[in-house]
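These are the residues of each chain, in order.
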Amino acid sequence: MILNLSRRAKGASPSATLAIAAIAKRMKAEGIDVVDFGLGEPDFETPAHVKEAAITAIRDGFTRYTAAAGIDELKQAIATKLKRDNGLSYSPADIIVSCGSKHSLFNIAEALFEAGDEVIVPAPYWVTYTEQIRLVDAQPVIAQTREEDGFHLTREAVESVITPKTKAILLNSPCNPTGAMIPLEQLRKIAALAVERDLLIISDEAYESLTYDGHTHVSIASLDEQIKRRTIVVNTVSKAYAMTGWRIGYAAGPAEIIKAMGAIQSQVTSNPTSIAQKAAVAALLGPHDDLRTMVVEFDRRRRFLLNRLNTIPGITCTNPEGAFYLFPNVSSFYGATVNGRPISNSAEMADYLLQSAHVVSVPGSEFGSDAHLRLSYATSMETIGVGAERIERAFGALRG
Ligand SMILES: Cc1ncc(COP(=O)(O)O)c(C=O)c1O
């Protein structure tokens, strides 16, 4: 009796992507040559000048508690970045630094949502959104995008699921898992909708700098002052600067909301790591050559793997505009049987690829789309080449 978990804990599912990463790690430790397309982080090194800034911070003894919502120097650097890259003006009071943007997002959920609230989440979605919304007893409501439209979110898709309980719309462009970016005209229409219906916007811009084919990111908050007033922009140094382990993310928005998030954060984690904050300043304000190199390399891999997937009969894969994932539709193979075991969904397909081809993928069901698998190309070109061959063979075997 005493060991009974809370209702909240019982309802929470652990991150499936992290679980799959653990299986792949175990297989690798057993000596199995695994091709890992499950990764949610750049395979590049944190830039040298960023590491140096952290080392200097340690040497200088910058190793104590800081202000819970982050040091002013980093908030200023974030304000500079938001102005420089997004045309957005924020003062430090409108900014909070958290232990990764996942933490910023959870602070937002804690500060704004409660039982009875609905939050619109476009699908396919990063699974953390729906889980976090549920963790604070609110209800995620799915706005469906269509593969035929390149997974592009439309105003109509959002509008069709608005109810009197809707409090906010969560946007993620470029999107994890599809890589799709919200077209500018739709972004404008969604902004107008939010104003008309008095809704908040949470804009997760984690992948903003990883865009391809000439696409560039526009923050919805930059469209006009009206939408900026009801938007919280969320971003991170994790992806652009290959800093996933440093755990620095941030949010910028209306000062009252940021203040409430700060109060919650101060009781839960206190400040993000002091040293990592100094490193983040160097990342945001320093040279961006490493980022440019990374984008060129991601683009090369993206085009290679996309072409290979689209030549496999039975697989279709949309061309993603950003992030570092491909989201192929593999559902035409559902119904196949391997050694008497049926493959009828994305989890069974991911398991088949893992067991038979030693290829790690993430089932689309984790992102609200069971017809798909997510493949991350944040791994070397050589590995991608080997993986592509294994995938071709594995699907060839299913065709019999
Ligand atoms: C869409 C999206 N947002 C936010 C994050 C969180 O990144 P972090 O907590 O490292 O800032 C991720 C990580 O995978 C992501 O895919």
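Remember, it's a predicted structure, so these values are computed and weren't measured experimentally.

**Looking at the overall build of the protein chain**
For the protein chain, the count of helices and strands is 14 helices and 14 strands. Whereas a compact globule of 400 residues would reach a radius of gyration of roughly 21 Å, the protein chain reaches 21 Å, a difference of no more than 12%. Partitioning the contacts of the protein chain with sequence separation of at least 6, the portion at a separation of at least 24 is 71%.

**A look at unusual backbone geometry**
A cis amide bond links Ala123 to the next residue, Pro124, at an omega of -5°. Examined against the element boundaries, Pro124 turns out to sit in the loop between strand E3 (118–123) and helix H6 (127–135). Positive phi, normally seen in glycine, also occurs at Arg247, with a value near 60°. A positive phi angle is found at Ala323, which is not glycine, with a value near 65°. Among the structural elements, Ala323 can be located in the loop between helix H12 (289–310) and strand E9 (325–326).

**Digging into the sheet that holds E9**
What the 3 strands build is an open sheet, ordered E9-E14-E13; its pairing is antiparallel. Lying at the two open borders of the sheet, with one neighbouring strand each, are E9 and strand E13 (362–363). Note: E9 against strand E14 (residues 373–376), 2 bridges, orientation antiparallel. Paired with Leu326 across the bridge in E14 is Leu375.

**Concerning the pairing of strand E2 (residues 95–98)**
Neither face of E2 is open: one carries Ile95 and Val97, the other Ile96 and Ser98, and all of them are buried. The pairing of E2 with strand E8 (residues 249–252) spans 4 bridges and is classified as antiparallel. The residue of E8 that forms the bridge with Ile95 is Ala252.

**A short note on the site of the ligand**
Close to the ligand lie 13 residues, the nearest being Gly100, Ser101, Lys102, Thr236 and Ser238. The residue inventory of the shell around the ligand, partitioned by class, reads 2 nonpolar, 9 polar and 2 charged.

**Quick notes on the domain arrangement of the protein chain**
Much of the literature gives interface size as the accessible area that the parts lose upon coming together. Taken as a whole, the protein chain is organised into domain 1 (7–45 + 290–399) and domain 2 (48–285). Relative placement of domain 1 and domain 2: their C-alpha centres are 26 Å apart. Contacts between the two partners involve 30 residues from domain 1 and, on the opposite side, 32 residues from domain 2. Tallied by class, the residues present in the side of domain 1 that touches domain 2 amount to 14 nonpolar, 8 polar and 8 charged.

What counts as what
- Residues numbered from 1 in each chain as written.
- Predicted model: local features only at pLDDT ≥ 70, side-chain atom pairs only at ≥ 80, totals over all residues.
- Helix = DSSP H or I, 4+ residues; strand = E, 2+ residues; numbered from the N terminus.
- Rg over C-alpha atoms; globule rule 2.2 N^0.38 Å.
- Contact = placed C-beta atoms within 7 Å.
- Pairing = 2+ DSSP bridges.
- Buried ≥ 20, exposed ≤ 12 C-beta atoms within 10 Å, placed from the backbone.
- Near = placed C-beta within 6 Å.
- Nonpolar A, V, L, I, M, F, W, Y, C, P; charged D, E, K, R; others polar.
- Domains from an automatic or database assignment.

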